[in-house]
Amino acid sequence: MLARTTLRIDADLKKRTQQRALEEATTQQEIFNKALEDYLQPKDAKKEAEGKTLEPERVNARADIIELIFSSLDIESRGFINKGDLIDALSFRGILDDDIRIKDVVQALNSHKDKDVPLPVFRKIVSPYITIIEKALTGSLTIPDFTNFCSFITNLYNRTLQNKDGEVSDYIPELKNVNPSNYAISICTVDGQRFNLGDCKIPYLAQSTAKAINYCLSLEEHGEEEVHKKIGRDPLTRGSDQLKLNSAGLPHNPLTAAGAIMVASLIGQELTVPERFELAQKKWKSLAGGIVSGFSQAASDSSKRVADKDLALAYFMRLNKLFPKNSNLEEYLDFLFNTMSIETTTEAQAVIAATLANGGVCPTNGEAVLKQQTTKNCLSFMYSCGMEDNSSEFAFSIGLPAKSGVSGSIMIVVPNVMGIAIYSPRVDGDGNSVKGLDLCNKLIQRFNFHMYDQKIQNLVKIDPRLLKNENKMQGVMAVCAAASQGDLYEVQRLEANGVALDEGDYDARTGMHLAAAEGHEEVVRYFIEKKVDVNPKDRWGGTPLNDAMRANHAKVVELLEKNGAKL
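Basis of the calculations
Residues numbered from 1 in each chain as written. Predicted model: local features only at pLDDT ≥ 70, side-chain atom pairs only at ≥ 80, totals over all residues. Heavy atoms only, no water. Helix = DSSP H or I, 4+ residues; strand = E, 2+ residues; numbered from the N terminus. Buried < 20%, exposed > 50% of the residue type's maximum accessible area, 1.4 Å probe, protein only. Contact = heavy atoms within 4.5 Å. Pairing = 2+ DSSP bridges. Core = buried A, V, L, I, M, F, W, Y, C linked by side-chain atoms within 4.5 Å. Salt bridge = Lys/Arg side-chain N within 4 Å of Asp/Glu carboxyl O. Polar contact = N/O pair within 3.5 Å; in protein donor to acceptor, adjacent residues only side chain to side chain.

1. Some points on the overall build of the chain
Right, on to step 1. The number of helices and strands found in the chain is 28 helices and 12 strands.
Right, on to step 2. Here the chain holds 567 residues, and the buried ones make up 53% of them.
Right, on to step 3. For the chain, restricting intrachain contacts to residue pairs at least 6 apart in sequence, the fraction spanning at least 24 positions comes to 68%.

What follows is the structure, encoded as structure tokens:
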């Protein structure tokens, strides 16, 4: 039923636009706009004939959108839809039924006494929430083809499922006793599209991922200037967590053990430890769009029992006069260990990461949780220091801000796109999830998420922000443009990047057609050497030989005929 509903939505929109416009449209939003315009045209024409203003129609455009969406969901044109049709269609595009933005819609549909919902009832239910519904059903969210994207993620997840390298951390029992086979990935886009796979509801300890959130809390309370009077901005280097300070006599950065203790000393200085921890828990809830995190007192107590290194760092910093006189170091450590013992899930941490990706605004409820400057500073440190001693390698190969925890969690931010949370408790010598790193590497090989992928033309990697087949068409159009201009070097570069040379554009015109039509003999010869079909037919039945003969390019005609070209 879900597949039929989805197909019907797309098909209905296509019926309301001309074929040529469909071929040239680059986004589903454009298609929808054209469909709506066509849908309203008879009414507008009637108004014009009667000499009446069109303004009332424009005022009611929202209602017409509702009718159009209803019509698309009404598969059999029966005048009503099933209660689950809309929820299924939204879920198909990543807007899940527990999304706060459609919570009232779900409740209203569930409480409707009949299984069938007619247009008047549908209109009343969806009108206040039509913006998110319209965006979802017209492919205007961050990832237009969300289902296809999720199928790629599922494939990558399955390919890493059997990776059993690494060992579960054993420095406290609460980490040692977890199931080593736990594995989950969750995704949340900046538009609130969500996907959860595996053990996404199994709680795990936040551990060092809490350090990034604590840093945000300190910035929100004191501002960047005051915070960094106490903490450096140095990139992470091996040995940064030893008993040493940077050249300015400060902890190297907020994500080291010393830096995290210093951050803990800045938060809620006038509050008790329980009050400060309550402040942190509220921030976690807001960042996660209302998802409540748990807490393991046992894990916090265990951490205190093995805190010799942290105590040594705290006393070392006090020795260097970095704390106010009469500071209670144990209170700072209590607060830090409490936050690191927050129990979260990939489902929650993906939303937190998406909030960071979205400039501090939670995508699932629209709440501004953090200032933009706070978010920028946090992501900067996550990029340079977030993956423990593997941070430099991760920044180079993955190219994304991330923060790991020795519990096996990795929280990854794709700025302006999405947040990703991965959990697998087997970790390497640096305390990073082995399976999580494996998945990150495969993810970045498939998608153009690396920070510098946007700076180069990489047509091999998939850009999920584009519509289905738009990646492919970008490559096709690039080949056609280079071929028509006789730019052999660009054709060679595209081919080296994995772009197919024999694909056609919307009119089935290939690079071979364009090169032949313009008389670019070297490009035609290169296509032939690469075994490109010399007899492709465009939508009018024309071949490259037709094009070359029509333009009187004798050498190209000769070359094509010699290699089996036909009219």
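Next comes the rest of the account.
2. A short note on unusual backbone geometry
Note: most peptide bonds trans; most residues except glycine with negative phi.
Right, on to step 1. Although it is not a glycine, Asn-326 sits at a positive phi angle of roughly 65°.
Right, on to step 2. Mapped onto the secondary structure, Asn-326 falls in the loop between α17 (308-319) and α18 (329-340).
Right, on to step 3. Under the relative-accessibility criterion, Asn-326 is labelled exposed at 76%.
Right, on to step 4. Its identity is not glycine, yet Asn-416 carries a phi of approximately 65°, on the positive side.
Right, on to step 5. The residue Asn-416 is located in the loop between β10 (409-414) and β11 (418-423) in this model.

3. Some points on the environment of Pro-173
Right, on to step 1. Among the structural elements, Pro-173 can be located in helix α11 (residues 173-176).
Right, on to step 2. Separated by 130 residues in the primary sequence, Pro-173 and Ser-303 have C-alpha atoms spaced 9.6 Å apart.

4. Description of the pairing of strand β9 (residues 402-405)
Right, on to step 1. On β9, burial covers both faces: Ala-402 and Ser-404 on one face and Lys-403 and Gly-405 on the other are all buried.
Right, on to step 2. In this structure, β9 lies alongside β10, joined through four bridges in antiparallel fashion. Within β10, the residue paired with Ser-404 across the bridge is Ile-410.
Right, on to step 3. Between β9 and β10, which pair antiparallel and follow one another directly, the connecting turn spans three residues, one of which, Gly-408, has a positive phi of 105°.

5. Some details on the nonpolar core
Right, on to step 1. With 63 residues, the main nonpolar core has Ile-261, Met-317 and Met-382 as its most contacted residues.
Right, on to step 2. Only α12 (209-222), α14 (257-266), α15 (273-287), α17, α18, α19 (346-357), α20 (372-385) and β10 provide two or more residues apiece to this core.
Right, on to step 3. Formed by 32 residues, the second largest nonpolar core is a distinct cluster that contains Phe-149, Ile-187, Leu-197 and Ile-412.

6. Things to note about the pattern of salt bridges
Right, on to step 1. Applying the stated criterion to the full structure yields 19 salt bridges.
Right, on to step 2. For Glu-347, the salt bridge identified is with Lys-201, shortest N-O distance 2.9 Å. With Glu-347 in helix α19 and Lys-201 in the loop between β5 (194-198) and β6 (204-205), this pair connects stretches of sequence that are 146 residues apart.
Right, on to step 3. On the accessibility criterion, Glu-347 (12% relative accessible area) is buried.
Right, on to step 4. A salt bridge links Asp-438 to Lys-442; its shortest N-O distance comes to 2.7 Å. Placement of both Asp-438 and Lys-442 in helix α22 (residues 434-446) is noted, with a separation of four residues, approximately one turn of the helix.
Right, on to step 5. Among the residues examined, Asp-438 registers a relative accessible area of 19% and is labelled buried.

7. Things to note about the sheet that holds strand β7 (residues 294-295)
Right, on to step 1. The three strands are arranged β6-β8-β7 in an open sheet whose pairing can be described as antiparallel. Every interior strand has two partners, whereas the edge strands, β6 and β7, have only one.
Right, on to step 2. Here two bridges tie β7 to strand β8 (residues 342-344), and the two strands are oriented antiparallel to one another. Along β8, the bridge assignment pairs Gly-294 with Glu-343.

8. Re the side chain of Asn-448
Right, on to step 1. Tracing the sequence through the fold places Asn-448 in the loop between α22 and α23 (470-485).
Right, on to step 2. Its relative accessible area of 8% is what places Asn-448 among the buried residues.
Right, on to step 3. At 3.5 Å, the side chain of Asn-448 forms a polar contact with the side chain of Arg-465.
Right, on to step 4. The residues touching Asn-448, leaving out its near neighbours within four places in the chain, are Asp-453, Gln-454, Lys-461, Ile-462, Asp-463, Pro-464 and Arg-465.

9. A few points about the environment of Leu-370
Right, on to step 1. Among the secondary structure elements, Leu-370 is positioned in the loop between α19 and α20.
Right, on to step 2. Accessibility expressed as a relative area gives 7% for Leu-370, which makes it buried.
Right, on to step 3. Apart from residues lying up to four places away in sequence, Leu-370 is in contact with Cys-216, Glu-220, Lys-283, Leu-287, Leu-356, Gly-359, Gly-360 and Thr-375.

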